[in-house]
Amino acid sequence: MKHEFAVKRVLVPVIPEWELAVLDVFVRAAAMFGFRKSVALVYGVLYCSREPLSAQEIQERLQISRGSTVEALLFLRRLGAARVCLKIGERRDYFTAETDLKKFVQGFLKEILVPALEKADIRLAQAEESAGKNSAVPAADAAFARSRVAELTLWKSRLTEALPLLDGLLNTNGGFRR
C-alpha cells in the first residue's frame, strides 16, 4: 500500500545583508541590557522596514513563534519603542519602530530601571535590617553581610543620583519623572 503525503512548501523570506547586520547590532545591544533576543529581532525588523508590519508578517519574516512575536511587541510598546499604526480597511494591528532611539532609552529608564531601583531600595533595607539584628549569626558573618549590603546600597545610590543626569542628556524638555 502506497501512502502519499502532501508537502507544504514554506517560503522563508530573504533578509538583505544590511538588515542582518542591523539586526545583529540590536541583538548585541539587547544582550547588554538583558533583553530577550526576540525583542531585539522584532525591533530590528520594524526599524529596517519602510512600511508598518503586522505581527504575522514579523513572525514569518523572523521565523519565530507567534507568542515570542506578540510578547516582544507588547514589551516594545511599553517601552515606547514600537507603536501601532492604523491601516484603513485592515482588522489587524500594524506596527512601526520608534526610530528616535532617545525615546527607546527613556522608555527603558522609566519602565525598567527606575522600578528596579525602587524595588532594590526595599530589598536592601530589608537586608540591612536582617543583617544587623540576627544574633544567631556569628559577629564576623554579620559584619561581612553588612559590608556587602552597604556596598550595594552605595552603588544603588550612585545609579539613582545619575538618573537626573541621564534624563538631562536625553531630553531637555523634562524627560521621565518618577
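Refer to the structure above for everything that follows.
Here the structure is a predicted model, which means the values were calculated and not measured.

*Asks:* Is there a simple way to think about the overall build of the protein in this case?
*Replies:* A tally of helices and strands in the protein yields 6 helices and 3 strands. Along the chain direction, N to C, the helices and strands of the protein fall in the order α-α-β-α-α-β-β-α-α. A burial count over the protein gives 32% of its 178 residues as buried. Put simply, 60% of the contacts in the protein that link residues at least 6 apart link residues at least 24 apart. Here the protein has roughly 12600 Å² of accessible surface; of this, 57% comes from carbon and sulfur atoms.

*Asks:* Sorry, what's going on with the nonpolar core here?
*Replies:* Taken as a class, soluble globular proteins show a tendency for nonpolar side chains to be buried jointly. Counting residues in each nonpolar core, the largest one holds 35 residues, and the members touching the most others are Val42, Leu46, Leu62 and Leu76. At the level of secondary structure, the elements contributing two or more residues to this core comprise helix H1 (17-33), helix H2 (37-48), helix H3 (55-62), helix H4 (66-79), strand E3 (94-97), helix H5 (101-133) and helix H6 (139-170). Residue contributions to this core peak at 7 residues, all from H2. Valine 42 has contacts with Ile58, Leu62, Ile64, Thr69, Ala72, Leu73 and Leu76, leaving out every residue within four places of it along the chain.

*Asks:* How should I be thinking about the pattern of salt bridges in this particular structure?
*Replies:* Counting across every chain of the model gives 6 salt bridges. With a shortest N-O distance of 2.8 Å, arginine 28 and aspartate 24 are connected by a salt bridge. Of this pair, arginine 28 and aspartate 24 are both found in helix H1, 4 residues apart, which corresponds to roughly one turn of the helix. Residue classification places aspartate 24 among the partly exposed residues on the basis of a relative accessible area of 33%. The closest approach of N and O atoms between aspartate 121 and lysine 156, which form a salt bridge, is 2.9 Å. Taken together, the positions of aspartate 121 in helix H5 and lysine 156 in helix H6 put the pair 35 residues apart, joining distant regions of the chain. Note on aspartate 121: relative accessible area 40%, which makes it partly exposed.

*Asks:* Help me out: how do you make sense of the packing of aromatic side chains in this one?
*Replies:* Each aromatic ring pair is characterised by the separation of its centres together with the angle its planes make. All chains considered together, the criterion is met by 7 aromatic pairs. Judged by centre distance (5.2 Å) and plane angle (70 degrees), the rings of phenylalanine 26 and tyrosine 47 are edge-to-face. Note that phenylalanine 26 is positioned in helix H1 and tyrosine 47 in helix H2, a separation of 21 residues in sequence. Given a relative accessible area of 14%, phenylalanine 26 falls into the buried group. Their ring planes at 75 degrees and their centres at 5.6 Å tell us that phenylalanine 35 and phenylalanine 108 sit as a pair that is edge-to-face. Taken together, the residues span a long stretch of sequence, with phenylalanine 35 in the loop between H1 and H2 and phenylalanine 108 in helix H5 at a distance of 73 residues. Comparing phenylalanine 35 with phenylalanine 108, the two get one shared label, buried. Chaining the aromatic ring pairs together yields one cluster made of Phe33, Phe35, Phe75 and Phe108. Between the NZ or CZ atom of lysine 87 and the centre of the ring of tyrosine 94, over which it lies, the distance is 4.2 Å. Residue placement shows arginine 158 over the ring face of tryptophan 155; its charged tip is 5.1 Å from the ring centre.

*Asks:* Looking at this model, I keep getting lost on the sheet that holds E3. Mind explaining?
*Replies:* Across a sheet, strands are paired by hydrogen bonds formed along the backbone, either parallel or antiparallel in direction. Read across the open sheet, the 3 strands follow the order E1-E3-E2; overall the sheet is antiparallel. Of all the strands in the sheet, the pair left with one neighbour each is strand E1 (53-54) and strand E2 (82-85). The pairing of E1 with E3 spans 2 bridges and is classified as antiparallel. Residue serine 54 lies in a different strand from E3, and its bridge partner there is tyrosine 94. Most of the contacts of H2 go to E3, to which it runs at about 85 degrees, and overall it touches E1, E2 and E3.

Conventions adopted
- Residues numbered from 1 in each chain as written.
- Predicted model: local features only at pLDDT ≥ 70, side-chain atom pairs only at ≥ 80, totals over all residues.
- Heavy atoms only, no water.
- Helix = DSSP H or I, 4+ residues; strand = E, 2+ residues; numbered from the N terminus.
- Buried < 20%, exposed > 50% of the residue type's maximum accessible area, 1.4 Å probe, protein only.
- Contact = heavy atoms within 4.5 Å.
- Areas by Shrake-Rupley, 256 points an atom, 1.4 Å probe, with all protein chains shown as cover.
- Core = buried A, V, L, I, M, F, W, Y, C linked by side-chain atoms within 4.5 Å.
- Salt bridge = Lys/Arg side-chain N within 4 Å of Asp/Glu carboxyl O.
- Phe/Tyr/Trp six-rings, centres within 6.5 Å; stacked < 30°, edge-to-face > 60°.
- Lys NZ or Arg CZ within 6 Å of the ring centre and 35° of its normal.
- Pairing = 2+ DSSP bridges.
- Axes fitted to C-alpha atoms, helices over the stretch in contact; angles between N-to-C directions.

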